[in-house]
Number of protein chains: 4
Amino acid sequence: MKLETIELPDFSASFDLYLRENVSSDLSHLPVVVICPGGGYRMVSGRESEPIALAFLSQGYHALVVDYPVLAETSQVTPDYLDTNTRLLAEVFKQIEHNYEQWTIDPTAIFLLGCSAGGHMAALYANKWQETVQTDEPRYSKPLGSILCYPVIGFNYGWPAEGVLDPSELKDYDTSALINPDTPATFIWHTADDSSVPALNTLKYCEGLTQKAIPFECHLFESGKHGLSLATRASAESQEAQHIHPPVAKWLSLCVDWMERRLSK
Amino acid sequence: MKLETIELPDFSASFDLYLRENVSSDLSHLPVVVICPGGGYRMVSGRESEPIALAFLSQGYHALVVDYPVLAETSQVTPDYLDTNTRLLAEVFKQIEHNYEQWTIDPTAIFLLGCSAGGHMAALYANKWQETVQTDEPRYSKPLGSILCYPVIGFNYGWPAEGVLDPSELKDYDTSALINPDTPATFIWHTADDSSVPALNTLKYCEGLTQKAIPFECHLFESGKHGLSLATRASAESQEAQHIHPPVAKWLSLCVDWMERRLSK
Amino acid sequence: MKLETIELPDFSASFDLYLRENVSSDLSHLPVVVICPGGGYRMVSGRESEPIALAFLSQGYHALVVDYPVLAETSQVTPDYLDTNTRLLAEVFKQIEHNYEQWTIDPTAIFLLGCSAGGHMAALYANKWQETVQTDEPRYSKPLGSILCYPVIGFNYGWPAEGVLDPSELKDYDTSALINPDTPATFIWHTADDSSVPALNTLKYCEGLTQKAIPFECHLFESGKHGLSLATRASAESQEAQHIHPPVAKWLSLCVDWMERRLSK
Amino acid sequence: MKLETIELPDFSASFDLYLRENVSSDLSHLPVVVICPGGGYRMVSGRESEPIALAFLSQGYHALVVDYPVLAETSQVTPDYLDTNTRLLAEVFKQIEHNYEQWTIDPTAIFLLGCSAGGHMAALYANKWQETVQTDEPRYSKPLGSILCYPVIGFNYGWPAEGVLDPSELKDYDTSALINPDTPATFIWHTADDSSVPALNTLKYCEGLTQKAIPFECHLFESGKHGLSLATRASAESQEAQHIHPPVAKWLSLCVDWMERRLSK
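Draft legend 1. Spotlight on the overall build of chain A. The helix and strand tally for chain A stands at six helices and eight strands. A globule of 265 residues ought to have a C-alpha radius of gyration of about 18 Å, and chain A, at 17 Å, matches this closely. Considering only C-alpha atoms, chain A reaches an extent of 55 × 45 × 35 Å along its principal axes. For chain A, the residues scored as buried account for 63% of the 265 residues in total. Carbon and sulfur atoms form 48% of the exposed surface of chain A, whose accessible area is close to 9600 Å². Taken together, the 18 basic and 34 acidic charged side chains of chain A have centroids lying 5 Å from each other.

Quick look at the structure:
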């Protein structure tokens, strides 16, 4: 296994590469999951970084965790901030394209995962990746699938709390309205009683996917607080934090089954 | 085990009771699942009758399958037809109330399940049960939970095909608009690529549940034709009919886990 | 669904038939599970009768529960008693052969299941079925598979308690010593800390199966009292009886997966 | 995450540490799995090294893979070779004891896992660890549990092929005969039709565990070739090598459930 941190100074960002040893004799390149942890665009959650990377590594994927820049306490989400994050993900995909041989990554099998605000960031890229491509290159900018965990979909669905933002300024960043024929197949989940980022976000995105006939799978579990990550001991902050929740922890095997079906198509 | 068919001549209907032997020494009454099979209001599907009843019997529930009247080929769905079905389900609940001791049913633990058009019938009752109660009796008219399998939610979401009905006449029967604080907790599932009854039906219902803060769980599987029932050999019409689909068959254990959590509340 | 009780007066026995409706258009006959409940040859346990029948019915099997004669309190297990039980099971298989068209049973797909002492009864038949065949008929005497749940395998492995029996008189009824090339493939499970019928019984049987190269699958769960049946609410005598034990309840899906693989061979 | 290789020059050996980041605020130390890959004492299998380490890392465990010395082609297994391996594992435990603070390992929660010949190595240590302790130190030499995957248990149960060894010289290394009250609880699995290391090995070990009343869990799956490791794509050498086998892949979740129960005792 190799661990490497790649700096992206133009973005004040970096990403952590987790490259597993390949034990296969006939697959020289492995699929990868690019992970955008959550944190309300204010921090990058450790509970949604390495624990999720390891979950996919154990299933035969490489993983890459994006450490994107976050907003200062006094700043608000702006179009510029969001656009920069989209360009940052475009840069990550470009880096994969340029280094896939060395990193033994299959560039046609890049899954893009995001949690909470990181889900918004991932969904933005998933719907705008084609705009980031100026020339014939990069060739591998389209994720094979996007995986959205309790995502923020737009700024008009209950997050952030009323009054914090003027949603009209961010109306172009409602990702459910950006879905188009180039949007990748999507796996999306939420808890129905999420009181921080309402499940309405996920429902709106699914409605958009349905309208454009993009293949998707969606699981809304009845209960569970926001930010459960894997919902197991492996991602729990504390034994008492209600972070261990077996009914919700099923999302991972449902997701991996879905990914394996996509790989075999 | 006892099998019994109860005739409801006022409704040209009947229901089949499947009452399992109770092996428990401390539970004298068991929860029950009332099943409304699908069939487009044109037939009552056998694949969604006994196979589903047996699935819940095996988990420690009694089951009851409603054989409701269906429309002739030349007739259309009318408000009157739908209202009669709601009264029919009210009658089924009343019969349970009057006979629960003899049938060893726990009248506080009645789940109401419907598939496809039967899902519409179940959802109508789930949202209007309180209107069917004139007096103090019946006391046990509210389902403990409703279970909607690839349901028709309203007549404006892609079923039936355009031109068949005038949806404006049936706009009061869009069940997603009827959701209210008395609506029971709901488990709902669909396949995202259902080309007969679009998944949009389920999304609209979830949106309604969210708005009224009714607890729910929803699973949208990526693929699978309409009418999968259990999606196992036990409900397949034919080995070649694409009725056996393991990714979708997971709905049953997800549902039973959800039911057991409700029972233990 | 049809329920029927068939009397076998020559044996002071009977069996209950649970015949599910067949919803398949291309399978006219279904596999069946013949169930021998446990009870120490002193009673026939209700918790291992209908609950187990329903578990297999729900998976697309017919079920048949054998109500075999039990010993009076003052009597001991004798060769004669055991031989009669073997002939009784031969009679059950003969009845299936004679009635399979009417019962819609596939006579080439009969699984024989036994719990505890019923497991001994099933294992005896599984190893001696060919001795019960005198002529060309019956043709369908060999089970497609035997399923042994916390079985008594012989009388020298801890059951009954020392002093109750003289094991030397029953040494020919150690089923692990009777395994032969005609023994059917076997699924067998036990809890490792069973203090009533020790897991040694199952280990001895597996050793015998290994020596004769009979295909088998065995699951020994770490803990759980004797007689758990399904280990779920559906077979629990009481909420407090430690009869609900999720780690052990996995045996059923492991077993059904195994059965389906046998059917598809 | 930290990767580190610790050299053990006295043994011409080393071990690879995989230390995950701890996201918990109330658990400062994590359980660990010490992994002895298989390879017939002739090589150390990569397919049983990192893939298994990652499987446990993803579940909230640290992992440690032992790269033990192997025999030259012309050499035979000798008591001296085996004894050295036992001392090597004692050294690994000692290193953990000395460094557990730095490595954030909970020294009371060390699981010892071995595959095939590595299972023999692990079982030897599991039964002789107390002999390796001369003084009060080390205090943490007893594994919390041992996990044996298709293990070689002794040299008289079909491996190696007849004639290769004189089993009488190695009769003291039949680990099933070494089981004693200090043997840790054990999880053990095998495929029943393993034609390289027969399942008889596992049955003999279980019999020994039963006799000494050591808690254990055992799963013998009906079919699957020797050396399946995780039996998933993540450990498969090739898509065509029959290394992907879903029925057998269930061992991992059964094992992790068992480990979590031990941790919570």
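Draft legend 2. Structural detail: the relation of the copies chain A and chain D. The two copies are related by a screw operation: chain A maps onto chain D through 180° of rotation and 0.0 Å of translation along the axis, at an RMSD of 0.0 Å. Here the copies are linked by what is in effect a two-fold axis. Of the C-alpha atoms belonging to chain A, the one lying closest to the rotation axis is found on Ser58 of chain A, 3.1 Å away. With an isologous cut-off of 70% or more, the 100% of interface residues of chain A that recur at the interface of chain D puts this contact in the isologous class.

Draft legend 3. Layout of the pairing of strand 7 (residues 186-191) of chain B. Residues and elements named next belong to chain B. Burial of strand 7 is extensive: six of the six residues sit out of reach of the surface. Where strand 6 (residues 145-149) meets strand 7, four bridges bridge the pair, whose relative direction is parallel. Across the sheet, Cys149 pairs through a bridge with Trp189, a residue of strand 7. Where strand 7 and strand 8 (residues 216-221) come together, six bridges link them in parallel fashion. Within strand 8, the position partnered with Ile188 by the bridge is Cys218. A crossover connection joins strand 7 to the parallel strand 8 through helix 4 (residues 200-211); in handedness this β-α-β unit is right-handed.

Draft legend 4. Summary view of the relation of the copies chain B and chain C. Between chain B and chain C, which share one sequence, the superposing operator has a rotation angle of 180° and an axial displacement of 0.0 Å; the RMSD is 0.0 Å. A share of 100% of the interface residues of chain B reappears at the interface of chain C, consistent with the copies meeting face to face through the same patch.

Draft legend 5. Just the pattern of salt bridges, in detail. Per the counting criterion, the structure on display carries 24 salt bridges over all chains. Residues Lys250 of chain A and Asp257 of chain B are paired through a salt bridge, measuring 2.6 Å at the closest nitrogen-oxygen approach. Within this pair, whereas Lys250 of chain A is found in the loop between helix 5 (246-249) and helix 6 (251-263), its partner Asp257 of chain B is found in helix 6 (residues 251-263), the two belonging to separate chains. Measuring nitrogen to oxygen at the nearest pair gives 3.5 Å for the salt bridge that ties Glu217 of chain B to Arg261 of chain B. Of this pair, Glu217 of chain B sits in strand 8 while Arg261 of chain B is found in helix 6, placing the two residues 44 residues apart along the sequence. Using a relative accessible area of 2% as the deciding quantity, one classes Glu217 of chain B as buried. For Arg261 of chain B, a relative accessible area of 26% gives the class partly exposed.

Draft legend 6. Representation of the interface of chain A and chain D within the structure. Taken together, the contact between chain A and chain D spans 33 residues of the former and 33 residues of the latter. Taken over both partners, the interface formed by chain A and chain D buries close to 2600 Å², and the fraction arising from carbon and sulfur atoms is 52%. One can count two salt bridges joining chain A with chain D. Residue Arg233 of chain D is joined to Glu260 of chain A by a salt bridge in which the shortest nitrogen-to-oxygen separation is 2.8 Å. Linking chain A with chain D are 19 residue pairs in polar contact (both at pLDDT 80 or more). A per-element tally of the side of chain A that touches chain D places helix 1 (residues 50-57) of chain A first, with five residues.

Draft legend 7. Focus on the interface of chain B and chain C. Residue-level contacts link 34 residues of chain B with 35 residues of chain C. A combined buried area of about 2600 Å² lies between chain B and chain C, and 52% of that area is made up of carbon and sulfur atoms. Among the residues chain B hides against chain C, the three largest losses belong to Met1, Val23 and Arg233 of chain B. Together they make up 26% of the total. Counting across the chain B and chain C interface gives two salt bridges. The interface formed by chain B and chain C contains 19 residue pairs in polar contact (both at pLDDT 80 or more). Per element, the largest residue contribution to the side of chain B that touches chain C is five residues, and it comes from helix 1 (residues 50-57) of chain B. For the side of chain B that touches chain C, the per-class residue count stands at 15 nonpolar, nine polar and 10 charged.

Draft legend 8. A look at helix 6 of chain B. Along its 13 residues, helix 6 of chain B runs 18 Å from first to last C-alpha, staying within 8% of the 18 Å computed at 1.5 Å per residue. What helix 6 of chain B keeps buried is the set Trp251, Leu252, Leu254, Cys255, Val256, Trp258, Met259 and Arg262 of chain B.

Draft legend 9. Representation of the packing of aromatic side chains within the structure. Summed over all chains, the structure comprises 52 aromatic pairs over all chains. Put simply, the rings of Phe56, Tyr61, Phe111, Phe187 and Trp258 of chain A pair up and form one aromatic cluster. One cation-aromatic arrangement involves Arg233 of chain A over Tyr61 of chain D; the distance from NZ or CZ to the ring centre is 4.8 Å.

Draft legend 10. Representation of the pairing of strand 8 (residues 216-221) of chain A within the structure. Counting buried positions along strand 8 of chain A gives six out of six residues, so the element sits mostly inside the fold. Burial of the side chains of strand 8 of chain A extends over both faces: Phe216, Cys218 and Leu220 of chain A are buried on one face and Glu217, His219 and Phe221 of chain A on the other. Relative to strand 8 of chain B, strand 8 of chain A is paired through three bridges, and the arrangement is antiparallel. Among the inter-strand pairings, His219 of chain A is bridged to a residue of strand 8 of chain B, identified as His219 of chain B.

Draft legend 11. Focus on unusual backbone geometry. Trp159 of chain B connects to Pro160 of chain B through a cis peptide bond whose omega is -5°. Its place among the elements puts Pro160 of chain B in the loop between strand 6 and strand 7. Within the chain, Ala231 of chain A stands out as a residue other than glycine whose phi angle is a positive 60°. Residue position: Ala231 of chain A is located in the loop between strand 8 and helix 5. Given a relative accessible area of 1%, Ala231 of chain A falls into the buried group. The residue Ser116 of chain C is not glycine, and still its phi comes out positive at about 55°. Along the chain, the position of Ser116 of chain C falls in the loop between strand 5 (105-115) and helix 3 (117-128).

Draft legend 12. Examining the packing of helix 4 (residues 200-211) of chain A against helix 4 of chain B more closely. Where helix 4 of chain A meets helix 4 of chain B, the axes come as close as 10 Å, and the angle between the chain directions of the two elements is 160°. When the interaxial angle is binned, helix 4 of chain A and helix 4 of chain B end up roughly antiparallel. When the axes of helix 4 of chain A and helix 4 of chain B are compared, the crossing they make is left-handed. Only Leu200, Leu203, Lys204, Cys206, Glu207 and Thr210 of chain B of helix 4 of chain B make contact with helix 4 of chain A, whose side of the interface consists of Leu200, Leu203, Lys204, Cys206, Glu207 and Thr210 of chain A. Across the contact of helix 4 of chain A with helix 4 of chain B, the residue classes break down as six nonpolar, two polar and four charged.

Draft legend 13. Main features of the side chain of Glu50 of chain A. Looking at the secondary structure, you find Glu50 of chain A in helix 1. In this view, Glu50 of chain A contacts Tyr18 of chain A together with Met1, Arg20 and Glu21 of chain D; residues no more than four positions away in its chain are not counted.

Draft legend 14. Expanded view of the arrangement of the chains. Considering only C-alpha positions, the minimal separation of the non-contacting chain A and chain C is 13 Å. What separates chain B from chain D at the closest point of their C-alpha atoms is a distance of 13 Å, and the two make no contact.

Rules of the game
Residues numbered from 1 in each chain as written. Chains lettered and ligands numbered in written order. Predicted model: local features only at pLDDT ≥ 70, side-chain atom pairs only at ≥ 80, totals over all residues. Heavy atoms only, no water. Helix = DSSP H or I, 4+ residues; strand = E, 2+ residues; numbered from the N terminus. Rg over C-alpha atoms; globule rule 2.2 N^0.38 Å. Buried < 20%, exposed > 50% of the residue type's maximum accessible area, 1.4 Å probe, protein only. Areas by Shrake-Rupley, 256 points an atom, 1.4 Å probe, with all protein chains shown as cover. Lys, Arg positive; Asp, Glu negative; His and termini not counted. Charge placed at Lys NZ, Arg CZ, Asp CG, Glu CD. Least-squares fit on C-alpha atoms with pLDDT ≥ 70 in both. Contact = heavy atoms within 4.5 Å. Pairing = 2+ DSSP bridges. Right-handed = clockwise from strand over helix to strand, strands pointing away. Salt bridge = Lys/Arg side-chain N within 4 Å of Asp/Glu carboxyl O. Buried area = accessible area lost by both parts, 1.4 Å probe. Polar contact = N/O pair within 3.5 Å; in protein donor to acceptor, adjacent residues only side chain to side chain. Nonpolar A, V, L, I, M, F, W, Y, C, P; charged D, E, K, R; others polar. Expected span 1.5 Å × (residues − 1). Phe/Tyr/Trp six-rings, centres within 6.5 Å; stacked < 30°, edge-to-face > 60°. Lys NZ or Arg CZ within 6 Å of the ring centre and 35° of its normal. Axes fitted to C-alpha atoms, helices over the stretch in contact; angles between N-to-C directions. Parallel < 35°, antiparallel > 145°, perpendicular 65-115°, else oblique. Left-handed = near helix turned anticlockwise from the far one by under 90°.

Function-wise, these values are silent; they only describe arrangement.
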